[in-house]
Amino acid sequence: MLDAGRHPNIDILAYSEIESVKGEVGAFSVTVKKKARFVKADVCNACGDCAAKCPRKVGDEFDMKLKDRRAIYLYFAQGIPAVMTIDKDNCTFFEKGKCRLCERVCQKGAIDFEQKDETLELSVGAIIVATGLDVFDPTPLTQYGYGRIKNVITGLEYERLINATGPTGGHLYRPSDKTLAKKVAYLQCVGSRDLNYCKYCSSVCCMYAIKDAMLAREHDPEAVSYIFHTDFRNVGKWFQDYEIKGREIYGINYVRGRVAEVEEDKSGNPIVWYEDTRKREVKSLKVDLVVLSAAATAAKGSDRLAEILDIRLDENRFVSVGDREPADTSRPGIFACGFCNGPCDIPEAVSQASAAAMRAAEMVLPEVSVASGS
């Protein structure tokens, strides 16, 4: 990301939205709204003095609202560009017309409450869509207790908890009482492969659940993990070796059985009820924490973006791409890669990105078309 930020031929327009696209392949005209940060990007050095004094706290979206951030904030530590942003919807000054504490403590003079949104007009030869994914909200699946039982969380929330830069500094504390979770259950296919919600396989959940269970053991040698699954879909190179490594070296317990319900005891411990399909027995297991591998879905705003770009989506709201040219969308000159096309893991997303970049180069650089023989 840093390399991209420093590259002389790359302009990163963060905190911006596409408003319209006109023209055709080789000569698109794109209108972009660059939102006001109320901070001068060429002056701010992201020292954080403003955030340290800001009195307003709101849930931190990057940390899945497991901790609070201030109304002036840096989205995440490694973000490009490293510039603070004032959250206008939660800023005391914009709400009540008084405060401006950040302006007084900023020694660089970077705060600018008069800043306005900018409209940029770009002329480009090709467009690549790479909007990523969102995660299914498992609240409607009431049998798992998400939102009702504090110690039932999603995989993405777990990722933030176990991360050294996350809200607990990498310690796997339970949300209910902040004690270490030593016995963790990971429930697969929550919302995915489900005709009522997302009928496709999300592709990545099996592997990230195994990785998460490994991390739990690396953080705490006494950690015990159970992964409840219908079947493992480890189709990548050496993925099955990774699964075996999880069992033999990290002591992960793989339980073939779909979970019917999660209850809670008086101490806030989740109790997992499931059918052990190998022994054909209904069993229960008390754990400290339950992690739901929720389905991955098309990114929020996909419908609106598709309308602006005039490209087709499939029945699951992923970008529809061609069979012969899997980076091509329904509109010539606009390409797509990564999870916006459908579920894929990181290596596949990288391969797709290379393919999309090559197809875009063919559109704008005639010598590339000649070299590739197209």
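Above this text you will find the structure in question.
This text gives an overview of the structure that appears in the document. (Residues numbered from 1 in each chain as written. Predicted model: local features only at pLDDT ≥ 70, side-chain atom pairs only at ≥ 80, totals over all residues. Heavy atoms only, no water.)

**Looking at the side chain of serine 225**
- Structurally, the position occupied by serine 225 is in strand S12 (residues 224-229).
- Residues in contact with serine 225, not counting those within four places in the same chain, are Val184, Tyr186, Ala213, Ala216, Gly251, Ile252 and Asn253. (Helix = DSSP H or I, 4+ residues; strand = E, 2+ residues; numbered from the N terminus. Contact = heavy atoms within 4.5 Å.)

**A word on the packing of helix H6 (residues 205-219) against helix H7 (residues 239-248)**
- Two elements in contact, H6 and H7, have axes whose closest approach is 10 Å; the angle formed by their N-to-C orientations is 35°. Considering how the two elements wind past one another, H6 and H7 form a crossing that is left-handed. Listed contacts from H7 to Met207, Ile210, Lys211 and Met214 of H6 are Phe239, Tyr242, Glu243, Lys245 and Gly246.
- When the residues that make up the contact of H6 with H7 are grouped by side-chain class, the tally is five nonpolar, one polar and three charged. (Axes fitted to C-alpha atoms, helices over the stretch in contact; angles between N-to-C directions. Left-handed = near helix turned anticlockwise from the far one by under 90°. Nonpolar A, V, L, I, M, F, W, Y, C, P; charged D, E, K, R; others polar.)

**Overview of the nonpolar core**
- One finds Leu187, Phe228 and Val290 to be the most contacted residues of the largest nonpolar core, which totals 27 residues.
- Broken down by secondary-structure element, the contributors of at least two residues to this core are strand S11 (183-190), S12, strand S14 (259-264), strand S15 (270-276), strand S17 (289-294) and strand S18 (296-298).
- Broken down by element, the residue count for this core peaks at three residues, all from S11.
- Sequence-distant contacts of valine 290, that is, excluding residues within four places in its chain, are made with Asn151, Val152, Ile153, Ala185, Leu187, Val262, Pro270 and Val272.
- Core analysis: the second largest hydrophobic core is formed by 23 residues, Ile153, Leu161, Met207 and Phe232 among them. (Core = buried A, V, L, I, M, F, W, Y, C linked by side-chain atoms within 4.5 Å. Buried < 20%, exposed > 50% of the residue type's maximum accessible area, 1.4 Å probe, protein only.)

**Let's talk about the sheet that holds S17**
- Strands sit in the order S10-S17-S11-S12-S13 across an open sheet of five strands; the sheet is parallel. Single-partner strands in this sheet number two, and they are strand S10 (152-154) and strand S13 (253-256). Between one strand axis and the next, the sheet turns by 25° as a mean value, whatever way the strands run.
- For S11 and S17, the ladder comprises five bridges, and the chain directions are parallel. Its bridge partner being in S17, alanine 185 is matched across the sheet by valine 290. (Pairing = 2+ DSSP bridges.)

**What to know about the sheet that holds strand S2 (residues 27-34)**
- With respect to topology, three strands assemble into an open sheet ordered S1-S2-S7, the strand pairing being antiparallel. Of all the strands in the sheet, just strand S1 (16-24) and strand S7 (118-124) have a single pairing partner and so form its edges. Between one strand axis and the next, the sheet turns by 20° as a mean value, whatever way the strands run.

**Re the pattern of salt bridges**
- With the rule as written, the count across this model stands at 23 salt bridges.
- A salt bridge links aspartate 220 to lysine 182, with the shortest nitrogen-to-oxygen separation between them at 2.7 Å. Of this pair, aspartate 220 sits in the loop between H6 and S12 while lysine 182 is found in the loop between helix H5 (155-161) and S11, placing the two residues 38 residues apart along the sequence.
- For lysine 182, a relative accessible area of 30% gives the class partly exposed. (Salt bridge = Lys/Arg side-chain N within 4 Å of Asp/Glu carboxyl O.)

**Describing helix H9 (residues 346-364)**
- Taking 1.5 Å as the rise per residue, H9 with 19 residues should run 27 Å; its terminal C-alpha atoms sit 27 Å apart, in good agreement.
- You can read the cap of H9 off the contacts: a side-chain oxygen lies 3.1 Å from the backbone nitrogen of glutamate 348, and it is on aspartate 345. (Expected span 1.5 Å × (residues − 1). Polar contact = N/O pair within 3.5 Å; in protein donor to acceptor, adjacent residues only side chain to side chain.)

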